[in-house]
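An overview of the molecular structure
Listed below are the residues making up each chain.
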Amino acid sequence: MKLRGLLTLAMAAQVIVTAAALLTSYAVTGAAGFGPVQFIALLASAAVAVLLARLCTRAIETAQQRRTAAQLAEQAQASAQMTQAVIKTALDAFVQTDADGTVLEWSVQAEALTGWTRKEALGTDVVNLLIAEPLRDGFRQRMMRLLPELSNTPTGIRFEATLLHREGEEILIEASSTALKIGGRTIINNFVKDVTRKRAAEEQLIQAQKMEAVGQLTGGIAHEFNNMLTVITGTIEILAEAVKDNPPLATITKLISEAADRGAALTSSLLSFARKQALRPAEIDVNELLEELAKLLLATFDRKIEIVTRLDGNVWLALVDRGQLSSALLNLAINARDAMLDGGKLTLTTRNVVFGVREAVAVGAGYAGDYVEIEIADTGTGIPQALRERIFDPFFSTKDVGKGTGLGLSMVFGFVKQSGGGIKVTSEEGSGTIFTIYLPKAEASTLRPTGYDERKIVGGTETILCVEDDRDVRQYVTVQLESLGYKVIPAANATEALAIAAEGSPFDLLFTDIVMAGGLNGRELAEQMVAARPSLRVLFTSGYAYDSLHAQGRTMGAPLLTKPYRKAELARMLRRSLDTAVDAAGDAIPTPYSVQADVEGFLRRQTSDRDRR
């Protein structure tokens, strides 16, 4: 009953009771005045009024208590609903336990994170549910030490731990925990998020930064070393020609030449790791390449090693340098052989994969998209955890002294990364190793360069502007160009070359180093000169291709002659640059396709085979 109605009823009852009491008193006494009987009637009426007031007060208090209780219950329900809404919509998993670790609440996100359903988790020990058995005792001790600190810290604490998914996969998590005291009972609320991929990305970044720093140092050293080797390999040819009729001296020059070639091979390995070698990517059928590799391995490996190929017939073409890929795969195969001295199985696998951003980052690939996966798996001794993080470092080797340079895997790493791909290694000591390479899918066909007859050294009479900041290399190149019949205008840097061009000195080709000291490098010099004279021919040279786009000829179409180089290589690249037909705008004029170079190469190989027989 409402408060107003209750008061109205009480007042009406009081009036009726008072009137009845007075009427009864007058009826009994019949007196007209106010006597004792009337006084008693009023006392009775007052007593009834007090009683009614107490009844009304009690009723009002009861109604107020019910209303307050209803409001509190409604607020509690709204708060509980809001809490549940927050838990359900949170990005992190919510796990509530008591002080003993018994699960009291388990959100949908916790189900997705761990694989355990809410029904399965409620009432169980969270440590038994999520921690690997050998680590449970230690984890409980850690939690018991943290519990007093948690109870005394209103803001809670954060910690990291490794949990075990229902399917057995390890998950690295970050948890935010707070403790509440409710009725003498301690309740622990935990918000948990998966940081496995985040940590993997951070480790990838740290590794990439380390490798980049080492690569910059390695590339710089190799570049300077290649400048020296260019002079050595070039001048030794001149000496060899001069002493060819003197057998003792000819033998010495041959030894020097072979040593220079070994030095060139070493710097090539260093540049491969530093991702600064010149690549010539083309559309490659990786299945065909692996089939050729399998045939080679079957012919050379011990019969105790089984070679198995699992090649996807629908695998995409990869955009990659065929020669570098062949070297990388052979290197991995040889490492696998060395890990299986008592025999085993080497499996070569290909498949197509499509990466999102997270997956690309996880394997160190250049971007999200389509990749060709090549997997080389062995059943050998495996790689210990302590060594796994160092296997791609240059000059790091677990082989005996004299049995390896320590550059093999670093070359593979550098080649794959420079190609825009990724590489990962999975290994357990005693359980074999799996190297997985991801190469970018080829989107468009790539024209193959025109072949040249390696036996011929053809010179010319054109004028060449030679820009080289290393004095010894510049002198050597000038001598070699003049010996080929060319007229040479030497320049020590880009500024000097631009001044020569501004004076109006005529020249047919710009032959410039890419990396030079001063304000402009070779690429920028070429761009300025070609902008003023579009039909100018350009030939780049470098100890390493610092600008990979130009190194691969993707912008100006200008070829690159890598240092160190022989006279024959210099002659061929010059003619390749000068003989290409161009129009007034500098664009190459298409020429009819000819198989003459292929026919001549085939005939030379046939002749060589007959001579060996």
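This structure is a prediction, so every number in the text was calculated from the model and none was measured. (Residues numbered from 1 in each chain as written. Predicted model: local features only at pLDDT ≥ 70, side-chain atom pairs only at ≥ 80, totals over all residues. Heavy atoms only, no water.)

**Re the overall build of the chain**
- Secondary structure assignment for the chain yields 19 helices and 17 strands.
- Within the chain, contacts between residues separated by at least 24 positions form 65% of all contacts whose residues are at least 6 apart in sequence.
- Total accessible area on the chain is roughly 34600 Å²; 57% of this is exposed by carbon and sulfur atoms. (Helix = DSSP H or I, 4+ residues; strand = E, 2+ residues; numbered from the N terminus. Contact = heavy atoms within 4.5 Å. Areas by Shrake-Rupley, 256 points an atom, 1.4 Å probe, with all protein chains shown as cover.)

**Looking at the pattern of salt bridges**
- Enumeration over the complete set of coordinates arrives at 14 salt bridges.
- When salt bridges with common partners are traced through the structure, they connect Asp125, Asp137 and Arg140 into a single cluster. (Salt bridge = Lys/Arg side-chain N within 4 Å of Asp/Glu carboxyl O.)

**Some details on the side chain of Thr433**
- Here Thr433 shows up in strand β12 (residues 433-440).
- Reaching out from Thr433, the side chain makes a polar contact with the side chain of Ser427 at a distance of 2.9 Å.
- Those residues in contact with Thr433 that sit more than four places away from it in its chain are Ile376, Ala377, Asp378, Gly382, Ile383, Val425, Thr426 and Ser427. (Polar contact = N/O pair within 3.5 Å; in protein donor to acceptor, adjacent residues only side chain to side chain.)

**Notes on the side chain of Asn189**
- Structurally, Asn189 is set in strand β5 (residues 185-194).
- A polar contact is formed between the side chain of Asn189 and the side chain of Gln96, at a distance of 2.8 Å.
- Not counting the four nearest positions on each side in its chain, Asn189 is found in contact with Phe94, Val95, Gln96, Ser176, Ser177, Thr178 and Leu180.

**So, the pairing of strand β10 (residues 369-378)**
- With nine of ten residues buried, β10 is to be regarded as a mostly interior element.
- Bridging between strand β9 (residues 344-355) and β10 involves ten bridges; their strand directions are antiparallel. Note that in β10 the partner of Val353 across the bridge is Tyr371.
- Examined bridge by bridge, β10 and β12 share eight bridges and lie antiparallel to one another. Residue pairing in the sheet places Glu373 in a bridge with Tyr438 of β12. (Buried < 20%, exposed > 50% of the residue type's maximum accessible area, 1.4 Å probe, protein only. Pairing = 2+ DSSP bridges.)

**Quick look at the sheet that holds strand β7 (residues 305-311)**
- In spatial order, the strands read β7-β9-β10-β12-β11; together these five strands make up an open sheet with mixed pairing. Single-partner strands in this sheet number two, and they are β7 and β11 (422-427). For this sheet, the mean angle separating the axes of adjacent strands, direction not counted, is 15°.
- Where β7 and β9 come together, seven bridges link them in parallel fashion. Across the sheet, Leu311 pairs through a bridge with Thr350, a residue of β9. (Axes fitted to C-alpha atoms, helices over the stretch in contact; angles between N-to-C directions.)

**Thoughts on the sheet that holds strand β17 (residues 560-562)**
- Pairing within the open sheet is parallel, and its five strands lie in the order β14-β13-β15-β16-β17. The open sheet has two free edges, formed respectively by β14 (487-491) and β17, since each of these has just one partner strand. Each neighbouring strand pair of the sheet contributes to a mean axis angle of 20°, computed without reference to strand direction.
- Pairing of strand β15 (residues 509-513) with strand β16 (residues 537-542) involves five bridges; the strand directions are parallel. Bridging from a neighbouring strand, Phe511 pairs with Leu539 of β16.
- Along the sheet, helix α14 (residues 471-483) contacts β13 (463-467), β14 and β15; its crossing angle with β14, the most-contacted strand, is approximately 170°.
- Contacts from helix α18 (residues 567-579) reach β13, β15, β16 and β17 within the one sheet, and its direction differs from that of β16 by about 150°.

**Focus on a nonpolar patch on the surface**
- On the surface, a cluster of nonpolar side chains totalling about 420 Å² of accessible area is made up of Met228, Ile232, Leu249, Ile252 and Ile256.
- Elements with a minimum of two residues in the nonpolar patch: α7 (196-242) and α8 (247-273).
- The element best represented in the nonpolar patch is α8, accounting for three residues.
- Along the chain, the position of Leu249 falls in helix α8.
- By relative accessible area, Leu249 is classed as partly exposed at 39%. (Patch = residues over 30% accessible without salt bridge, like charges linked within 9 Å, V, L, I, M, F, W, Y side chains within 5 Å.)

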